[in-house]
Amino acid sequence: MVRFQTASSKGGDPRRATTSGSFRSMSTTSAVVLEPAGVVAAGVTKPHAASNRAEINQTDKRERCTVPLIAGLAVNSFPRRLRACLTALALRYWTDQPRSVRMSKVTVVGAGKYGSTTAQRLAAMDIVDEVVMTDIVEGLPQGLALDMNQSRPVEKYRTLVIGTNDYADTAGSDVVVITAGLPRKPGMSRMDLLEVNAKIVKDVTEQIIKYSPEAILVVVTNPLDQMTTLAAEVSGLSHDKVLGQAGILDSSRLAHFLSEATGVDILEIDALTLGSHGPTMVPVPSQCTVAGKPLTDYLSDDEIQAILERTRGGGGEIVALLKTGSAYYAPSSAAARMVAAIIKDEKAMMPVCAWVAGEYGINDVYLGVPAKLGKNGVEEVVVMDLTADEIAALAEAATSVKEKVDELHQLEL
Ligand SMILES: NC(=O)c1ccc[n+]([C@@H]2O[C@H](COP(=O)([O-])OP(=O)(O)OC[C@H]3O[C@@H](n4cnc5c(N)ncnc54)[C@H](O)[C@@H]3O)[C@@H](O)[C@H]2O)c1
């Protein structure tokens, strides 16, 4: 279903830019594919990361003890009922104030269209202390970070974005989103980017892992399935800590087209795509619903097939319209959603590019599958009840990805 701090400039280092401030937080929601409603609710009602919840509770406890005490002592001479009233008001005010205990850090590599919108979305979610954004272009991440940070008072969040060209600033990241690399031009396939982007992703991964050996890597650079494989190989991380973004975006595109065709509210659409991020994408109509009903209640078979085909070419359609660069609003929503599920340890299920080891009868390949994301990255690849045709299409996608991974391995990087 598709629903969805402060720091100071480091010793005047011009490669790193920050601003400071402190404001009340606000979380954002949107519908993401296949999330249990309970998980969505848990994720959006609290602005803080689940991993920090224990510390926040401790802060709450201190606040609950000290505030009534101070308030009670201060107005000891007041009548009892007035005192109780004032104490309750003080407690309510105090516990609503900004809390200081948040420890997490996310890095976004690449401050282009995809990277910068991802950094901005993550910052606005207000679920980590810092979003570090790095790029090879000097001044670009710094300027963007400064601009983003100045939106905090208006948007009401505290997360600070740090723009830098120095990987040392990424040290200790919990999650790293890799967006560095060239986007497609009109007429190009994602595979046309293989060699140039493989060099970039290899270099970036080596740098990242040097400073954040425990990080979870979320890869978005195209060609996605191959770049996720490469990041896993270069980083040496276990497969569950390296994953790629494609399925949430493709499912979201499918949901948009279904809403458009049926006239049903976008938030009433459940859509799912699996497989590769490319021609062997596997839309899964058996798992798609419109207002809780099968697609066939609303659309003819021909109409459904046309929508699935448009979804397969969804990225190319936007590239052709833009003429320079590729899509980034919906893609960055998808990447930020994955990061949020990891940071908040949601165990939320969503389609991602994950290592498949036996599920659906497929072995040893990064492929788009439904998976539960939590603080350890991919915590479970979920085996859904797919039709025989859908499973066959998934197997075909796996074969295609493996062939392209062979091409990757033949490159001299
Ligand atoms: N997985 C998906 O669903 C999906 C969707 C859209 C785009 N993408 C891909 O995401 C990538 C980025 O797209 P974009 O629109 O942001 O492109 P962009 O050109 O706007 O930005 C790319 C950025 O990467 C930077 N960069 C290049 N080499 C670098 C390096 N070695 N280290 C750090 N930064 C480096 C560039 O300076 C640039 O700022 C492309 O490969 C694109 O195809 C993937």
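Residues numbered from 1 in each chain as written. Predicted model: local features only at pLDDT ≥ 70, side-chain atom pairs only at ≥ 80, totals over all residues.

### Side note on the overall build of the chain
A tally of helices and strands in the chain yields 13 helices and 15 strands. The proportion of buried residues among the 413 residues of the chain is 47%. (Helix = DSSP H or I, 4+ residues; strand = E, 2+ residues; numbered from the N terminus. Buried ≥ 20, exposed ≤ 12 C-beta atoms within 10 Å, placed from the backbone.)

### Digging into the site of the ligand
The ligand sits among 34 residues. The nearest are Gly110, Gly112, Tyr114, Ala180 and Asn222. Breaking the shell around the ligand down by element, the ones donating at least two residues are helix H4 (113-125) and helix H7 (194-211). Here the element with the most residues in the shell around the ligand is H7; it accounts for 4 residues. No fewer than three residues from each of domain 1 (3-24 + 247-409) and domain 3 (105-244) sit in the shell around the ligand. (Near = placed C-beta within 6 Å. Domains from an automatic or database assignment.)

### Let's talk about the nonpolar core
Looking at soluble globular proteins, one finds that nonpolar side chains tend to be buried together. Judged by nonpolar contacts, the single largest core of 96 residues is most densely connected at Val177, Ile178, Val218, Val339 and Ala354. Ranked by residue count, the leading element in this core is helix H12 (residues 329-343), at 9 residues. Counting only domains with at least three residues in this core, you end up with domain 1 (3-24 + 247-409) and domain 3 (105-244). (Core = buried A, V, L, I, M, F, W, Y, C linked by C-beta atoms within 7 Å.)

### Here's the deal with the sheet that holds strand E12 (residues 293-294)
Two strands in a sheet stick together by hydrogen bonds in their backbones, pointing the same way (parallel) or opposite ways (antiparallel). Read across the sheet, 3 strands follow the order E8-E11-E12 without closing on themselves; strand pairing throughout is antiparallel. Every interior strand has two partners, whereas the edge strands, strand E8 (269-270) and E12, have only one. (Pairing = 2+ DSSP bridges.)

### Here's the deal with the packing of H4 against H12
Helix-helix packing: each pair is described by the crossing angle between the helix axes and the interaxial distance. Here H4 crosses H12 at 45 degrees, and the two axes come no closer than 8 Å. The orientation of H4 relative to H12 falls into the category oblique. Crossing angle aside, the handedness with which H4 passes H12 is right-handed. Two secondary-structure elements touch here, H4 through Tyr114, Thr117, Thr118, Arg121, Leu122 and Met125 and H12 through Tyr329, Pro331, Ser332, Ser333, Ala335, Ala336, Val339 and Ala340. In terms of residue class, the contact of H4 with H12 is made up of 9 nonpolar, 4 polar and 1 charged. (Axes fitted to C-alpha atoms, helices over the stretch in contact; angles between N-to-C directions. Parallel < 35°, antiparallel > 145°, perpendicular 65-115°, else oblique. Left-handed = near helix turned anticlockwise from the far one by under 90°. Contact = placed C-beta atoms within 7 Å. Nonpolar A, V, L, I, M, F, W, Y, C, P; charged D, E, K, R; others polar.)

### Section: the pairing of strand E5 (residues 175-178)
Here E5 shows two buried faces, one formed by Val175 and Val177 and the other by Val176 and Ile178. Here strand E2 (residues 105-109) runs beside E5; their pairing, made up of 4 bridges, is parallel. Each residue of the ladder has a partner; that of Val109, found in E5, is Ile178. Judged from the 4 bridges that link them, E5 and strand E6 (residues 216-219) form a sheet pairing that is parallel. Note on E6: the bridge partner recorded for Val175 is Ile216. Handedness of the crossover is the feature at issue here: the chain leaves E5, passes through H7, returns alongside E6, and the resulting connection is right-handed. (Right-handed = clockwise from strand over helix to strand, strands pointing away.)

### Quick notes on unusual backbone geometry
Each neighbour pair has its own omega, and for Asn222 with Pro223 the value is 0 degrees, a cis peptide bond. In this structure, Pro223 sits in the loop between E6 and helix H8 (224-235). Even without a glycine there, the phi angle at Asp126 is positive, about 60 degrees. One can find Asp126 in the loop between H4 and strand E3 (130-134). The phi torsion at Asp345 lies on the positive side, around 50 degrees, for a residue other than glycine.

### Quick notes on H12
Here H12 spans 21 Å end to end across 15 residues, near enough to the 21 Å set by a 1.5 Å rise per residue. Counting buried positions over the 15 residues of H12 gives 13, a clear majority of the element. After H12 finishes, the residue Asp345 shows a positive phi value of roughly 50 degrees. (Expected span 1.5 Å × (residues − 1).)

### What to know about helix H13 (residues 388-410)
With 23 residues, H13 ought to run about 33 Å at 1.5 Å a step, and its terminal C-alpha atoms sit 34 Å apart, in line with that. For H13, every residue scored as buried is listed here: Glu390, Leu394, Ala397, Ala398, Val401 and Lys404. Among the structural elements, H8, strand E9 (273-275), strand E10 (281-283) and strand E14 (363-374) are those in contact with the buried residues of H13.

### Some details on the confidence of the model for the chain
The predicted coordinates ought not to be read in detail in places where the model reports low pLDDT. Averaged over every residue, the pLDDT of the chain is 84; the share at 70 or more is 77%. Within the model, pLDDT remains below 50 along residues 1-15, and this stretch shows 51 contacts once partners closer than five positions in the same chain are excluded. In this model, residues 18-66 is a region of pLDDT below 50 whose contacts with residues beyond four sequence positions or in other chains number 112 contacts. (pLDDT = per-residue confidence, 0-100.)

### Here's the deal with the packing of H7 against H8
In contact at an axis separation of 9 Å, H7 and H8 are set at 35 degrees when each is read in the N-to-C sense. Considering only the axes of H7 and H8, their crossing is right-handed. Within the contact between the two elements, H7 uses Leu194, Asn197, Ala198, Val201, Lys202, Thr205, Glu206 and Ile209 and H8 uses Gln226, Met227, Leu230, Ala231, Val234 and Ser235. When grouped by side-chain class, the residues that make up the contact of H7 with H8 number 8 nonpolar, 4 polar and 2 charged.

### A short note on the environment of Ala119
Topologically, Ala119 is positioned in helix H4. Separated by 12 residues in the primary sequence, Ala119 and Val131 place their C-alpha atoms 6.4 Å from one another. When neighbours within four sequence positions are excluded, Ala119 is seen to be in contact with Val108, Val131, Met133, Met148 and Val161.

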